[in-house]
Amino acid sequence: MPLTAIIFVILYFTGLLLTLRHPYFGIATYIFEWHNHPPYMWWGSHLPDLRWSLLVSLVTLISLLINYKKLKPLKGSDYKLIWWLVALTLWMYFISAFYAVDPHQSFKKADIFYKLTIQVFLMMFILREARHFRFVIWVMLFGVANFGRIAYQRGSNRNIGVIAPNATEENAVSAHVAAMLPFYGLYFLVGRTWEKIVAVLSVPFLINLIVLANSRASFVAVLVIGLLALIWIKGKLRWQVLLALIGGVILVLMLANDQFWQRQKTIDNYQEEGSAMSRIYLWKGAIRMFKDHPMGVGGGGYQELAQQYVPELAEIMEEKGNKTVHNTFFLVLVEWGLVGLIIFLGFLIHTFIILGRIRRDRERATSYRYYVDAMAIQMGLIGILTAGIFHNRLYSEVVYWFGAFAVALRNIQVNEIYENAQEEPSETLEDGPISSLIN
């Protein structure tokens, strides 16, 4: 058995044992497994199929029932965000039962969302302490850093050597990586020494992964994240952000090859590039399909009907198979209807509102890290949604993880505000790193 597989088994089952002591370890183990899903790894063939993610979710649920009294009581907690996902899941089952053109495939998509909704609720409900929250975040960041290592060792152009659940091609994986860059950047600016070191060591490998993926969507997402950082981060740290972005540009120039630049040039000249122009045809087809099926065609329905509604690409699809719509918002609209799109947008808007409240109340809590984490989540979510304009991210778990993280972070912050209401804070925010970030 390969050493990598042995290390995975040791860490995975250690995580399960720790989960029986406290369920937050189950959240961390789930995220660790997602980034190292055995069936998708070269070493996974040496391991039995234990339904790895399902197993850790079940153990987490059992631990929650056993150790519920160990969870820190929270004052003012709010979990209303989950109802958007509950509503979207129920709507998916309704459309699958009565309107789907391929009910079997549609029910499979609804099942994915059902399981995701349960996992997201476990995340937002179990994470009640700042140290637990940051432990989970760092498990995620180390998992992403490992993606960069794999891409460096095994990747090549348009084949980065790593995939993950519901992220089984280069565009999806590189978008996931791009969404994590704000965490590395902000932790480098205001984090502890070891966080700065990890960020400096990880980011070059992650930029290399994005370059190898040749993904225009992820490249645009990174540009948007960089622009937001320059706009939102003020004071002395803005110059450090500028220097970091210049360093990132230099890395891209050093790592990028001719194929990468040829693909990026088509962003603003889509008429000259087939795959970019095809997206326009696919989006127009989605509008025509929605007009004929306003309730939605169900999960997988767009691909089933694509040749009828995208005649410009019918010949290509006849030869190579039907295409999907390559746009998250069009995908929701055409497969789950206007109601589905309203619910999906409601989830996103509600998440941004929660993050805005965390940033608004930065001076009422003693820790500057609430503001930093909220800004990282917000920029990461905007980044992956930007990438989602050019390909499908509806079933991307990180979108909903960010929602869960926003809820957990807000509940922890509110509880701290309640606890400190009668006390004088030992350190004001203006005296800490946050003053450099926002002033």
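To be clear, the structure that these remarks concern was listed above.
Reference entry: report on the structure contained in this document. Note that this is a predicted model, so its numbers are computed, not measured. (Residues numbered from 1 in each chain as written. Predicted model: local features only at pLDDT ≥ 70, side-chain atom pairs only at ≥ 80, totals over all residues. Heavy atoms only, no water.)

### Points about the overall build of the chain
Inclusion rule: Segments assigned H or I by DSSP are reported as helices when at least four residues long, segments assigned E as strands when at least two residues long, and all are numbered from the N terminus. C-alpha atoms define the radius of gyration in this analysis, and the globule rule sets the expected value at 2.2 Å times the number of residues to the power 0.38. Burial classes follow relative accessibility: with a 1.4 Å probe on protein chains only, a residue under 20% of its type's maximum area counts as buried, one over 50% as exposed, and anything between as partly exposed. Any pair of residues with heavy atoms lying within 4.5 Å of one another is described as a contacting pair. Surface accessibility in these figures is a Shrake-Rupley result with a 1.4 Å probe; residues are shielded only by whichever protein chains are displayed.
For the chain, the helix and strand inventory stands at 18 helices and zero strands. Taking 2.2 N^0.38 as the reference for a compact globule, 439 residues should give roughly 22 Å; the C-alpha atoms of the chain span a radius of gyration of 22 Å, in line with that estimate. With the C-alpha coordinates aligned to their principal axes, the bounding extent of the chain is approximately 70 × 50 × 50 Å. A total of 439 residues make up the chain; the buried ones form 56% of that total. The long-range fraction of contacts in the chain, counting pairs at least 24 apart against all pairs at least 6 apart in sequence, stands at 79%. For the chain, the exposed area adds up to about 19700 Å²; of that, 62% sits on carbon and sulfur atoms.

### Some words on a nonpolar patch on the surface
Applicable threshold: Excluding any residue in a salt bridge, patches collect residues exceeding 30% relative accessible area, merging like charges within 9 Å and nonpolar Val, Leu, Ile, Met, Phe, Trp and Tyr side chains within 5 Å. Each reported salt bridge corresponds to a side-chain nitrogen of Lys or Arg within 4 Å of a carboxyl oxygen of Asp or Glu.
On the surface, Trp239, Leu242, Leu243, Ile246, Ile250, Met254 and Leu255 cluster together into a nonpolar patch covering about 740 Å² of accessible area. With respect to the helices and strands, Leu242 occurs in helix H10 (residues 237-255). On the basis of relative accessible area, Leu242 is assigned to the partly exposed category, the value being 32%.

### With respect to the packing of helix H7 (residues 170-190) against helix H16 (residues 369-387)
Where we set the bar: Axis definition: a line fitted to C-alpha atoms, limited for helices to the stretch in contact. Angles are taken between N-to-C directions and run from 0 to 180 degrees. To sort the angles, those under 35 degrees are grouped as roughly parallel, those over 145 as roughly antiparallel, those from 65 to 115 as roughly perpendicular, and the leftovers as oblique. The crossing is said to be left-handed when, going from far helix to near helix, the turn is anticlockwise and less than a right angle, and right-handed when the turn is clockwise.
It is the contact of H7 with H16, at a shortest axis distance of 8 Å, that shows an interaxial angle of 155°. As the angle between them shows, H7 and H16 are arranged roughly antiparallel. In this structure, the crossing between H7 and H16 has a hand that is right-handed. Across from Ala175, His176, Ala179, Pro182, Phe183, Leu186, Tyr187 and Val190 in H7, the residues of H16 making contact are Arg369, Val372, Asp373, Met375, Ala376, Ile377, Met379, Gly380, Ile384 and Ala387.

### A word on unusual backbone geometry
One non-glycine residue with positive phi stands out, namely Asn214, at about 55°. With respect to the helices and strands, Asn214 occurs in the loop between helix H8 (193-213) and helix H9 (216-232).

### What to know about the packing of aromatic side chains
We apply this condition: In this scheme Phe, Tyr and Trp rings, the latter by its six-membered ring, pair at centre separations within 6.5 Å, and the angle between planes marks the pair as stacked below 30 degrees, edge-to-face above 60, and tilted otherwise.
Throughout the structure, instances matching the rule amount to 31 aromatic pairs. Here the aromatic rings of Tyr68 and Phe125 are separated by 6.3 Å at their centres, their planes lie at 10°, and the arrangement is stacked. Taken together, the positions of Tyr68 in the loop between helix H3 (52-66) and helix H4 (82-98) and Phe125 in helix H5 (residues 103-126) put the pair 57 residues apart, joining distant regions of the chain. With a centroid separation of 5.2 Å and 50° between ring planes, the pair formed by Phe94 and Phe98 is classed as tilted. One end of the pair, Phe94, and the other, Phe98, are both in helix H4, four residues apart, so they sit about a helical turn from each other.

### Describing the packing of helix H15 (residues 328-360) against helix H17 (residues 397-419)
Put simply, the rule reads: When residues are grouped by polarity, Ala, Val, Leu, Ile, Met, Phe, Trp, Tyr, Cys and Pro land in nonpolar, Asp, Glu, Lys and Arg in charged, and all others, Gly among them, in polar.
Orientation of H15 relative to H17, taken along the N-to-C sense of each, is 35°, at an axis distance of 9 Å. Where H15 crosses over H17, the handedness of that crossing is left-handed. Residues Phe344, Phe347, Leu348, Thr351, Ile354, Leu355, Arg357, Ile358 and Arg360 of H15 pack against Val399, Tyr400, Phe402, Gly403, Ala406, Val407, Leu409, Arg410 and Gln413 of H17. Of the residues in the contact of H15 with H17, the class split is 12 nonpolar, three polar and three charged.

### Some remarks on the nonpolar core
Our working rule: In this text, buried Ala, Val, Leu, Ile, Met, Phe, Trp, Tyr and Cys residues form a nonpolar core when linked through side-chain atoms within 4.5 Å.
Ranked by internal contacts, the top residues of the largest apolar core, which has 141 residues, are Ile31, Phe183, Leu394, Tyr400 and Phe405. For this core, the element with the most residues is H7, which contributes 14 residues. Once residues within four sequence positions are removed from consideration, Ile31 is found in contact with Met123, Val136, Val139, Met140, Trp401 and Phe405.

### Digging into H16
Every α-helix winds through 3.6 residues per turn, so residues three or four apart in the chain are directed the same way. The line we're drawing: To estimate how far a helix should extend, the number of its residues minus one is multiplied by 1.5 Å.
In a regular helix each residue adds 1.5 Å, so 19 residues correspond to 27 Å; H16 covers 27 Å between its end C-alpha atoms and thus fits that length. In terms of burial, H16 is largely enclosed, as 18 of its 19 residues are buried.

### Some thoughts on the pattern of salt bridges
Between side chains of opposite charge, a pair can form when the charged atoms approach closely. Considering all chains together, one arrives at nine salt bridges under this definition. When the shortest N-O distance is used, the salt bridge between Arg288 and Glu312 registers 3.9 Å. Taken as a pair, Arg288 in helix H12 (residues 274-292) and Glu312 in the loop between helix H13 (301-309) and helix H14 (314-320) lie far apart in primary sequence, 24 residues in all. Its relative accessible area of 32% is what places Arg288 among the partly exposed residues. When the shortest N-O distance is used, the salt bridge between Arg410 and Asp361 registers 2.8 Å. With a gap of 49 residues between them, Arg410 in helix H17 and Asp361 in the loop between H15 and H16 connect regions that are remote in the sequence. Grouping residues by exposure puts Arg410 and Asp361 together as buried.

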